[in-house]
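# Structure at a glance
In case you want the letters, here they are:
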Amino acid sequence: DGSEAQKEGAAAAQKEGAAGGVEVLVALARDGNEGQKECAAAALWNLAHNDDNSVAIVAAGGIELFVALARDGNEMQKEDAVRALWNLAIIDDNKAAI
């Protein structure tokens, strides 16, 4: 097993990688075709179960994205957007923005 510093470094790298993935998914859910938007919104909904991911989603513009999808998306996009907003609303700081 690695040292504590190695474990912390690996955890930080994983978090940075996840945040980068979140940014890509938010962009895809915003700018992709209908199928890409559905898949990206569903992935973001699942990622929003985790507090660290929720922070990254909000930082990448996720609240505005999900509100737009809930209002203007197709049926599946609307469902995933509402579910993601529900998950994001668990964090007190996000409630006012939502």
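This is a predicted model, so every value here is computed, not measured.

Structurally, the position occupied by Lys37 is in helix α2 (residues 34–47). As a buried residue without a salt bridge, Lys37 has its nearest oppositely charged side chain in Glu34, at a separation of 4.2 Å. Sequence-distant contacts of Lys37, defined by excluding residues within four places in its chain, comprise Leu28, Ala29, Arg30, Asp31, Gly32 and Gln77.

Turning our attention to the packing of α2 against helix α5 (residues 75–88). Axis separation between α2 and α5 bottoms out at 9 Å; the angle between their running directions is 20 degrees. Relative to α5, α2 is oriented roughly parallel. Judged by the sense of rotation from one axis to the other, the crossing of α2 with α5 is left-handed. Residue-level inspection shows Glu34, Lys37, Glu38, Ala41, Ala42 and Trp45 of α2 in contact with α5, the latter providing Met76, Gln77, Asp80, Arg83, Ala84 and Asn87. Of the residues assigned to the contact of α2 with α5, the class counts are five nonpolar, two polar and five charged.

Attention now goes to the pattern of salt bridges. Applying the stated criterion across every chain, the model contains five salt bridges. Where Arg83 meets Glu79, a salt bridge forms, and the shortest distance between an N and an O atom there is 3.7 Å. With Arg83 and Glu79 both in helix α5, this residue pair falls four residues apart, about one helical turn. Residue Glu79 is classed as partly exposed on the basis of its relative accessible area, which comes to 31%. One salt bridge connects Arg83 with Asp80, and the closest N-O pair in it is separated by 3.6 Å. You can see Arg83 and its partner Asp80 sitting in helix α5, three residues apart, about one turn around the helix. Overall, Asp80 belongs to the buried group, its relative accessible area being 3%. Taken together, the shared-partner salt bridges connect Glu79, Asp80 and Arg83 into one network.

With 18 residues, the main nonpolar core has Leu44, Ile57, Leu65 and Phe66 as its most contacted residues. Only α1 (4–31), α2, α3 (51–59), α4 (62–72) and α5 provide two or more residues apiece to this core. Once you skip the residues sitting within four places of it in the chain, Leu44 turns out to touch Val22, Leu25, Val26, Ala29, Ile57, Leu65 and Phe66.

Our next topic: the environment of His49. Note on placement: His49 falls in the loop between α2 and α3. In this structure His49 comes out as exposed when scored by relative accessible area, which is 52%. C-alpha separation for the pair His49 and Trp86, spaced 37 residues apart in sequence, amounts to 9.6 Å. Reaching out from His49, the side chain makes a polar contact with the side chain of Asn87 at a distance of 2.7 Å.

Definitions and cut-offs
- Residues numbered from 1 in each chain as written.
- Predicted model: local features only at pLDDT ≥ 70, side-chain atom pairs only at ≥ 80, totals over all residues.
- Heavy atoms only, no water.
- Helix = DSSP H or I, 4+ residues; strand = E, 2+ residues; numbered from the N terminus.
- Buried < 20%, exposed > 50% of the residue type's maximum accessible area, 1.4 Å probe, protein only.
- Lys, Arg positive; Asp, Glu negative; His and termini not counted.
- Salt bridge = Lys/Arg side-chain N within 4 Å of Asp/Glu carboxyl O.
- Contact = heavy atoms within 4.5 Å.
- Axes fitted to C-alpha atoms, helices over the stretch in contact; angles between N-to-C directions.
- Parallel < 35°, antiparallel > 145°, perpendicular 65-115°, else oblique.
- Left-handed = near helix turned anticlockwise from the far one by under 90°.
- Nonpolar A, V, L, I, M, F, W, Y, C, P; charged D, E, K, R; others polar.
- Core = buried A, V, L, I, M, F, W, Y, C linked by side-chain atoms within 4.5 Å.
- Polar contact = N/O pair within 3.5 Å; in protein donor to acceptor, adjacent residues only side chain to side chain.

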